[in-house]
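So the chains spell out like this:
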Amino acid sequence: MSYKIILDLINKSKMPNCVLIYGIEEFLIDKIVKLTKKMYIDENYEDMNYEEFENLENNFDSFKQFVSTFPFMTNKKLCIIKNSSFLTSTGSLNKKEEEITLDFIDKGYDSYIIIFLIKGGKPDLRKKAVKKLKNGNCIFEINKLNEAELSKYILEEFKRNKIDISLSDADYIANNSGYLEYESNISLYEINNEVNKLLSYSMESKRIQREDIDNLMVKSIESNIFKLVDNICEGNKDKGFEVLEEMLLNNTSEQYIIHMIVRQYRMIYQYVLLKTKNYNFNEIMKKMKIKKFVASKLEKQSKKLTLNQIEKYMVKFIEIDRKIKVGEIDKRIGIELITNGIIK
């Protein structure tokens with residue numbers, strides 16, 4: 001993982017003079033910047049040796065002047081370009097600015113470290129500057145943690161604060177946070193908010209229980225959809241309505257809940273279909289491009305349903321959705337009809 005590689009470089013004071021860091025895990029990207037600053041910049045002389053620029057397009061002269069001057073009372077200056085869009089397909093520098101930037105990358109003077117950041121995007125590999133950075137092994141992609149890494153991260157955060165939590169409960173937080181969901185925008189910043197909330201609650205007891213997590217943690221929409229579909233499948237109307245009320249109180253629209261329920265049943269249908277074709281659990285997970293905890297949920301839900309049942313349910317869901325859109329029934333009544341078990 002690039003994150004571990006770049007941490008090792010920081011800790012050994014071997015950070016390259018120019019690096020490009022990109023990816024979707026903003027928390028880890030920001031942490032790399034903070035650790036680099038801590039390693040190389042004396043806070044007593046920070047004003048002279050550390051600078052952040054929002055971009056280069058509007059700040060190039062200041063950037064050039066900062067990087068071109070020698071550091072004061074330390075070995076290196078640190079320069080952060082927070083939005084390096086000129087390294088993507090959507091941005092650019094003028095020819096003169098590009099040549100100067102290429103020169104800084106090419107020569108790599110020992111007097112500075114320049115960190116180019118692209119958050120949520122990707123560099124354009126056709127650009128000269130990107131090619132130079134790639135050839136120097138100075139490009140690092142920082143993506144989100146996987147299931148095991150996220151659970152370990154949560155576990156270590158509690159351990160660091162001397163709060164006892166089981167691995168299964170750390171897994172439970174990870175799987176209900178929404179972080180692992182497909183195309184999720186949730187980052188470790190949101191995970192830390194949930195962890196800090198639980199830490200504050202458990203300072204006296206020094207232990208986190210599953211009940212505490214359920215009472216304090218804000219569940220993701222997808223996690224609640226899993227629960228809602230579980231209850232619909234099992235005919236647990238009261239519990240189903242409890243989950244529904246929680247989602248509506250969190251301002252999740254009825255239309256979106258119906259959309260997510262239909263999406264969930266499509267996934268169950270796909271899972272059952274692949275199972276009938278003798279694919280095993282790992283093969284289905286790979287084929288559907290889903291995380292293990294999602295596949296586990298689908299496996300559990302699929303045991304209660306046949307392909308014919310799922311087809312009938314989806315037809316009814318889509319019909320309710322149509323009636324809502326044309327004004328034949330109220331959207332609240334529509335979602336309650338589904339939760340009330342009309343599929344039974």
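The text that follows walks through the structure, step by step, so that each part is easy to find. (Residues numbered from 1 in each chain as written. Predicted model: local features only at pLDDT ≥ 70, side-chain atom pairs only at ≥ 80, totals over all residues. Heavy atoms only, no water.)

**Comments concerning the sheet that holds strand S1 (residues 18-23)**
- The parallel open sheet is built from 5 strands, whose spatial order is S2-S3-S4-S1-S5. The open sheet has two edge strands with one neighbour each: strand S2 (50-53) and strand S5 (139-141). Along the sheet, successive strands turn relative to each other by an average axial angle of 15 degrees, direction set aside.
- Looking at chain direction, S1 and strand S4 (residues 112-119) are connected through 6 bridges and run parallel. For cysteine 18, the partnering residue across the bridge sits in S4 and is isoleucine 114.
- Lying on the sheet, helix H4 (residues 60-68) is in contact with S2, strand S3 (77-81) and S4; it crosses S3 at an angle near 155 degrees.
- Across the face of the sheet, helix H5 (residues 95-107) comes into contact with S1 and S4 while running at roughly 120 degrees to S4. (Pairing = 2+ DSSP bridges. Helix = DSSP H or I, 4+ residues; strand = E, 2+ residues; numbered from the N terminus. Axes fitted to C-alpha atoms, helices over the stretch in contact; angles between N-to-C directions. Contact = heavy atoms within 4.5 Å.)

**Regarding helix H6 (residues 128-135)**
- Listing the buried residues of H6 in full gives Ala129, Val130 and Leu133. Buried residues of H6, viewed axially, fall in a sector of 100 degrees; they line one side. Pointing more than 90 degrees away from the buried face of H6 are the exposed residues Lys128 and Asn135.
- The inward-facing, buried residues of H6 contact S1, H5, S4 and S5.
- Taken from the residues just after H6, asparagine 137 is the one with a positive phi, measuring 55 degrees. (Buried < 20%, exposed > 50% of the residue type's maximum accessible area, 1.4 Å probe, protein only. Arc of directions from axis to C-beta.)

**As for H5**
- Over its 13 residues, H5 runs 18 Å from end to end, which matches the ideal 18 Å to within 8%, given 1.5 Å per residue.
- Within the sequence span of H5, burial applies to Glu97, Ile100, Thr101, Leu102, Phe104 and Ile105.
- Glycine 108 sits one or two positions beyond H5 and adopts a positive phi of about 50 degrees. (Expected span 1.5 Å × (residues − 1).)

**Regarding the packing of aromatic side chains**
- For the structure on display, the rule yields 11 aromatic pairs.
- With centroids separated by 6.3 Å and ring planes inclined at 75 degrees, the aromatic side chains of phenylalanine 27 and tyrosine 153 adopt a geometry described as edge-to-face. Taken together, the residues phenylalanine 27 in helix H2 (residues 26-40) and tyrosine 153 in helix H7 (residues 147-160) connect sequence positions 126 residues apart.
- Residue phenylalanine 27 is classed as buried on the basis of its relative accessible area, which comes to 15%.
- Residue class for tyrosine 153 comes out buried when judged on its relative accessible area of 13%.
- Ring centres of tyrosine 109 and tyrosine 112 lie 6.2 Å apart, and the angle between their planes is 80 degrees; on these two criteria the pair is classed as edge-to-face. (Phe/Tyr/Trp six-rings, centres within 6.5 Å; stacked < 30°, edge-to-face > 60°.)

**Thoughts on unusual backbone geometry**
- Here the phi dihedral of methionine 73 falls at roughly 60 degrees; this positive angle occurs in a residue that is not glycine.
- By the secondary structure assignment, methionine 73 is in the loop between H4 and S3.

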